[in-house]
Amino acid sequence: MQLSIIVPTYNEAPNVAELVRRVTVAVESVCVEAGVPGGLEAEIVFVDDSTDATPDVIREVAASASVPVRLIHRTVASGGLGGAVLEGFTAAESDACLVIDGDLQHPPEKIPELWERFSRGDVDVVVGSRYAGGGTSHGLADRTRVLVSKVSTAVTRAMFPIRLKDVSDPMTGFFLIDRRTVDQAVLRPRGFKILLEILARRPLRVAEVPFDFADRHAGESKASVRQGVHFLTQLTALRFGKMSLFAVIGGLGAVANVAIVWALTQLGVGYIVAAIIAAEATIIGNFLLQERFVFHDMRHSAASGWLRFAKSFTFNNAEALVRIPIIALMVESWHFSAVVATAMTLVVAFFVRFVFHSLVVYAPRKAGAEPSRARRIVEELDAQVMEPGEL
């Protein structure tokens, strides 16, 4: 068996027959040009947690299918969809495992392209991406879900800027992976974002294939507030360390900012001037603390120290130029106190700053890019600066 196709399902009875039909056509279309004469030897493994007739439909379709179709019906849905995928990995006859949803929003017609890219042998996982060149997310129900998806993806990549630097769509459920690269013992699936769990746990060689995220063939979406909570829990558990340190430093900066505003306004300084002074002081202080405690493991692959500071200082001042008029509006028109208005806007600014610093300030330099002589000198000098406690 060359490929095991893992399909985690929950109440997808109306989609099973069409999914098997399209997957069969796709694997049989793989021909000499893709390096597999006569088609691709593949199996379909349904890992099912359904409470409807889905298992019966799978058995019925399997009886007449031209490719092997197996069913694993779980009475206890341990780990949700992610747990189902891992159970499929264990049961698969091939080390090459392709994961695809059962609702046909992932097009089976892309299987040959994913297989062709994977079969070159230079990557561990091929990701079907909605956001790589040519990919689309048209199948998302409305603009709100599109926005939520894009924001969630941006935040996720910000939390793992090195591990996910080559992954535009870490939240996808459509990917082909060598299961031997997956250490299941360290995985803690909490829902449906199993690819994120895999990529965040260890470095893998990744390639992407764009695809059009389609409308559901039949049935209703399983997206819910509960799934959103599962995702946030998973994300926090995976990246708790770095973000928590960023939050602590941001919190200290916020306290210092509010204290400076309070002290200066008590001395008769106007609240706008006080806010500007407080912002500049905390911008510099926060950067120094973040360099030392939050992003210390990313500095060697990012730009030089002075360039990092320039990016951070410029962005935070631009953010302050936006935030201070909002403070003025809250004070003058909505009658908030200056302290309360400052505190509220800083909470929002925290999330914006984290995303920017992770994706831009500490972004890894492009592979193969040769730094200029001036940059090399700056980096050498930067590396010679003693860390606190080294005196």
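What counts and how
- Residues numbered from 1 in each chain as written.
- Predicted model: local features only at pLDDT ≥ 70, side-chain atom pairs only at ≥ 80, totals over all residues.
- Heavy atoms only, no water.
- Axes fitted to C-alpha atoms, helices over the stretch in contact; angles between N-to-C directions.
- Helix = DSSP H or I, 4+ residues; strand = E, 2+ residues; numbered from the N terminus.
- Parallel < 35°, antiparallel > 145°, perpendicular 65-115°, else oblique.
- Left-handed = near helix turned anticlockwise from the far one by under 90°.
- Nonpolar A, V, L, I, M, F, W, Y, C, P; charged D, E, K, R; others polar.
- Buried < 20%, exposed > 50% of the residue type's maximum accessible area, 1.4 Å probe, protein only.
- Phe/Tyr/Trp six-rings, centres within 6.5 Å; stacked < 30°, edge-to-face > 60°.
- Patch = residues over 30% accessible without salt bridge, like charges linked within 9 Å, V, L, I, M, F, W, Y side chains within 5 Å.
- Areas by Shrake-Rupley, 256 points an atom, 1.4 Å probe, with all protein chains shown as cover.
- Salt bridge = Lys/Arg side-chain N within 4 Å of Asp/Glu carboxyl O.
- Pairing = 2+ DSSP bridges.
- Contact = heavy atoms within 4.5 Å.

Caption draft 1: Fine view of the packing of helix 9 (residues 305-332) against helix 10 (residues 338-361). Following both chains from N to C, one finds helix 9 and helix 10 inclined at 150°, their axes separated by 9 Å at the closest point. The pairing of helix 9 with helix 10 is recorded here as roughly antiparallel in orientation. Seen from above, helix 9 lies across helix 10 with right-handed handedness. For the contact of helix 9 with helix 10, a count of residues per class yields 14 nonpolar, 5 polar and 5 charged.

Caption draft 2: Just unusual backbone geometry, in detail. Of note in the backbone geometry, asparagine 11 takes a positive phi value of approximately 55° without being a glycine. For asparagine 11, the location among the structural elements is in the loop between strand 1 (3-9) and helix 1 (16-29). A relative accessible area of 21% places asparagine 11 in the partly exposed class.

Caption draft 3: Structural detail: the packing of aromatic side chains. Applying the stated criterion across every chain, the model contains 7 aromatic pairs. Seen in terms of ring centroids, phenylalanine 295 and tyrosine 362 are 4.3 Å apart; in terms of plane orientation they differ by 20°. Their pairing is stacked. One end of the pair, phenylalanine 295, is in the loop between helix 8 (271-293) and helix 9; the other, tyrosine 362, is in the loop between helix 10 and helix 11 (373-384), and 67 residues separate them in sequence. Centre to centre, the rings of phenylalanine 309 and phenylalanine 313 are 5.5 Å apart; their planes meet at 25°, and the pair counts as stacked. Residue phenylalanine 309 and its partner phenylalanine 313 are both found in helix 9; the two are separated by 4 residues, about one turn of the helix. Residue phenylalanine 309 is classed as partly exposed on the basis of its relative accessible area of 25%. Grouping aromatic residues by their ring pairs yields a cluster made of Phe174, Phe211 and Phe213.

Caption draft 4: Quick look at a nonpolar patch on the surface. A surface patch of nonpolar side chains, about 450 Å² in accessible area, is lined by Leu329, Trp334, Phe336, Val340 and Met344. Within the fold, valine 340 resides in helix 10.

Caption draft 5: Fine view of the sheet that holds strand 5 (residues 125-129). Spatial strand order, 3-2-1-4-6-5-7: 7 strands in an open sheet with mixed pairing. Lying at the two open borders of the sheet, with one neighbouring strand each, are strand 3 (69-73) and strand 7 (206-210). Averaged over all neighbouring strand pairs, the angle between strand axes comes to 25°, with direction disregarded. As paired strands, strand 5 and strand 7 are joined by 5 bridges and run parallel to one another. The residue of strand 7 that forms the bridge with valine 125 is valine 206. Helix 3 (residues 80-91) rests against strand 1, strand 2 (42-48), strand 3, strand 4 (96-99) and strand 6 (175-178) of the sheet, and its axis sits at about 150° to strand 1.

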